[in-house]
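Structure assessment
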Amino acid sequence: MSIRRLPEKLVNRIAAGEVVERPAAALKELVENAIDAGATRISVRIAEGGILCLEVEDDGCGMTAADMALALERHATSKLPTDAIEDVTTMGFRGEALPSIASVARLTLESRVAGGDGWKRVVDNGTVVAEGPAALAKGTRVVVEDLFARVPARRKFLRSGRSEYAACLDAVKRLAMARPDVGFTVEHDGRRVLDVQVGQDQLSRVAALTHRDLAANSIGVDLDRGPVHLGGVISLPTYNRGIADHQYLFVNGRPVKDRLLVGALRGAYAELLARDRHPVVALFLDVPTSEADVNVHPAKTEVRFRDPQLIRGMIVGGLRRALDEQGFRSVQRPAEAAAAAWQQEPVAPPPPTLFAAHLPYPHAPATHLFGADGDAATLALLRDRVVGFAAPRDALPPEALPMGRAEAATAPVPHAEAHPLGIARGQIARTYIVAEAEDGLVIVDQHAAHERLVLEQLRRGMGGQAVPSQGLLLPEVVELDEPACDRIDAATAELAALGVEIERFGPAAVMVRATPAMLGAVDCQKLVTDIADDLAGYDAALGLNEKLELVAATMACHGSVRAGRTLGVAEMNALLRQMEVTPHSGQCNHGRPTWVKLAMDDVEKLFGRK
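The model shown is predicted, which means the values in this text are computed figures rather than measured ones.

Thoughts on the overall build of the protein
Within the protein, the regular secondary structure consists of 19 helices and 24 strands. For the protein, the residues scored as buried account for 46% of the 610 residues in total. For the protein, the proportion of contacts with a sequence separation of at least 24, taken over those separated by at least 6, is 68%. Summed over all atoms, the accessible surface of the protein reaches about 30,400 Å², with 54% contributed by carbon and sulfur.

Have a look at this one:
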């Protein structure tokens, strides 16, 4: 078969297969053109997920009739004034988008420059079918109709209208996030679904495009390393999602999808999030154009860095430093659904009951929740709640009485700046510490909080500060399979830094001679088995230090204060004070919050005072 030169129309349809794989890809190209034209306001209209119609209108510089004709030819662009493609700073530069879209759809292009007349050009699947004057303000309007209508092989591979709409909206959100100096509106089937204003700051724009709660639960990132700058917004570890759909990376203002970001985020949030939870992240990386190649993907969604390890180290280091600076900070408020679940008792007085006649001290004041007058408080509570018939108080089973600590807590509330977690007032269900702060009510999960404190102590040991160990009176032998013993044997020096002294004891056993003193009495069999599993259970891409981070998390879980343990006032206050000075104490090792705060305004609303 002889070689032939392909006709222009077929060349454009082949190019469309690379550039315009779905409506969202076409919309991305059109919005990028509007941004490159200097637009300050971009309006997008979508019908049936973009399959039926896409419309993009901007207030940019516009085009003359001659430029419009040239723009519909392949590889014609105003964005490369010289041949130095490595110096490109615009969103687009190939000159393929408009002719590629016009070859597989009906495209109407209208434009007007300042002081000039508007012009319109209509191309139907590669053929110019109409052109003439058009009435519009300065700027450009592009309408794409019936995408792939004459390419059934491509049309049948499109997803449902709802799925295509979701992809279109995501494409616009990414571009809007990159340019807070540009206003965007999106309408789908006549309904406005997005409206962000011109001139927002970066945090406000990211929060508006993700979730409004992000603004109160985020951390700013600002790091310079030579000519490279990293900025952006990341969520607290306790503000996370089940899927990684809210992670954005921008390189020189261009939204890209890169596996480098996924690995860097895993490293930055190691031991702060469970492996099935994901942070909300928007990172903006500015690098010299010579250090990043944007010409590696037809849709310009990938970037190749000259020094990827520098970029990964910068992301991991910058995020870790920002997270470390937040100390004990956590998501401040409980979920709205949880707050709504609080119930209010009826204000009407209860009917008289036989039970009331048998209760001593019917009018005794309940002055202390956990103090010497606790019996009176309990009786008052029972008098309000029990109706029907009486039973002697001594006959009530223990589980019928409220669970609480019977130790007085009378210390005054400390100043919020000195002790933001307040002073302990009680313990609920032997699991949660209730503290009074200057600005609200604090509830602490004692197990989750202490688990994080132990982990941070172990991590300091990995950083060179030896963890005190406690020798066992009788060394304990733990039997494992030979590969597990080999893995532990190879990490004995690192484990010793964590306070675990282990030595090989035959081909299929190890001997434990000491454990970290902070863990107290531990089950050596279970601890060593879990350590072996951690060293083996994660992918080979993790280095030994990263695996030891996982080991430290496992050890912390073994040595933390368990739920169900009754704590004294001094113990509870000591835990609160240690949380206030320990990094990352606002979330446990699995990414869940260790404490929540109910502001006094919310408490007063529950009681109808506001």
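Concerning the confidence of the model for the protein
Of all residues in the protein, 76% attain a pLDDT of 70 or more, and the chain-wide mean is 79. Predicted confidence in the protein is weakest over helix H11 (residues 354-357), with a mean pLDDT of 42, and strongest over strand E1 (residues 41-47), with 97. Throughout residues 353-393 the model reports pLDDT below 50, and contacts reaching past four residues in sequence, or to other chains, amount to 42 contacts.

Focus: the sheet that holds strand E20 (residues 440-445)
Ordered in space as E18-E19-E20-E24, the 4 strands form an open sheet in which the pairing is antiparallel. Sheet topology places strand E18 (423-428) and strand E24 (595-599) at the edges, where each strand pairs with a single neighbour. Across the sheet, the axes of successive neighbouring strands diverge by a mean angle of 25°, strand direction being ignored. Taken together, the 5 bridges between E18 and strand E19 (residues 432-437) define a ladder with antiparallel strand orientation. Bridge pairing in E19 places alanine 424 opposite alanine 435. Across the face of the sheet, helix H18 (residues 569-580) comes into contact with E18, E19, E20 and E24 while running at roughly 120° to E18.

Considerations on helix H14 (residues 482-490)
Among the residues of H14, Ala484, Cys485 and Ile488 are the ones counted as buried. Down the axis of H14, the buried side of the element spans an arc of 100°, and every buried residue falls inside it. Measuring from the side-chain oxygen of the N-cap residue of H14 to the backbone nitrogen of alanine 484 gives 2.9 Å; that N-cap residue is aspartate 481.

Regarding the pairing of strand E9 (residues 218-225)
In terms of strand pairing, E9 meets strand E10 (residues 228-235) through 8 bridges, oriented antiparallel. In the sheet register, glycine 220 faces E10, and the bridge partner there is valine 233. As consecutive antiparallel partners, E9 and E10 are separated by 2 residues, and within that stretch glycine 226 has a phi angle of approximately 65°, a positive value.

Let's talk about the environment of glycine 132
Counting through the fold element by element, glycine 132 comes out in strand E5 (residues 127-133). What makes glycine 132 buried here is its relative accessible area of 10%. Residues glycine 132 and lysine 120, 12 residues apart in the sequence, show an inter-C-alpha distance of 5.3 Å.

Thoughts on the sheet that holds E10
One open sheet holds the 5 strands; their spatial order is E9-E10-E15-E12-E13, and the pairing between them is mixed. Looking at strand neighbours, the two that pair on one side only are E9 and strand E13 (254-256), the edges of this open sheet. Sheet twist, expressed as the mean angle between neighbouring strand axes with direction ignored, is 20°. The pairing of strand E12 (residues 247-251) with strand E15 (residues 281-286) spans 5 bridges and is parallel. By the bridge assignment for E15, tyrosine 248 is matched with alanine 282.

What about the nonpolar core?
Among the nonpolar cores identified, the biggest contains 59 residues, and Leu27, Val31, Ile42, Leu107, Val144 and Phe184 are the most heavily contacted of them. Top element by residues in this core is helix H6 (residues 161-178). It accounts for 9 residues. Among residues more than four places away in sequence, those in contact with valine 144 are Leu30, Leu52, Cys53, Leu54, Ile101, Ala105, Arg106 and Leu107.

A few points about the side chain of serine 111
By the secondary structure assignment, serine 111 is in strand E3 (residues 106-112). Looking at serine 111, its side chain comes within polar contact range of the main-chain nitrogen of methionine 63, at 2.7 Å. A polar atom in the side chain of serine 111 sits 3.2 Å from the backbone oxygen of glycine 139. Every residue in contact with serine 111, bar those within four places of it in the chain, is listed here: Gly62, Met63, Met68, Asp117, Gly118, Trp119, Leu136, Gly139 and Thr140.

Considerations on the environment of valine 280
Positionally, valine 280 belongs in the loop between strand E14 (278-279) and E15. Counting along the chain gives 36 residues from valine 280 to alanine 244, while the straight-line C-alpha distance between them is 7.8 Å. Sequence-distant contacts of valine 280, defined by excluding residues within four places in its chain, comprise Thr210, Leu214, Val233, Ile234, Ser235, Tyr239, Arg241 and His246.

Focus: the packing of aromatic side chains
Across all of its chains, the model carries 1 aromatic pair by this definition. Seen in terms of ring centroids, phenylalanine 250 and phenylalanine 284 are 4.6 Å apart; in terms of plane orientation they differ by 10°. Their pairing is stacked. On the criterion of sequence distance, the pair formed by phenylalanine 250 in strand E12 and phenylalanine 284 in strand E15 is long-range, its members being 34 residues apart. Considered together, phenylalanine 250 and phenylalanine 284 belong to a single accessibility category, that of buried residues.

What counts, and where the lines are drawn
Residues numbered from 1 in each chain as written. Predicted model: local features only at pLDDT ≥ 70, side-chain atom pairs only at ≥ 80, totals over all residues. Heavy atoms only, no water. Helix = DSSP H or I, 4+ residues; strand = E, 2+ residues; numbered from the N terminus. Buried < 20%, exposed > 50% of the residue type's maximum accessible area, 1.4 Å probe, protein only. Contact = heavy atoms within 4.5 Å. Areas by Shrake-Rupley, 256 points an atom, 1.4 Å probe, with all protein chains shown as cover. pLDDT = per-residue confidence, 0-100. Pairing = 2+ DSSP bridges. Axes fitted to C-alpha atoms, helices over the stretch in contact; angles between N-to-C directions. Arc of directions from axis to C-beta. Polar contact = N/O pair within 3.5 Å; in protein donor to acceptor, adjacent residues only side chain to side chain. Core = buried A, V, L, I, M, F, W, Y, C linked by side-chain atoms within 4.5 Å. Phe/Tyr/Trp six-rings, centres within 6.5 Å; stacked < 30°, edge-to-face > 60°.

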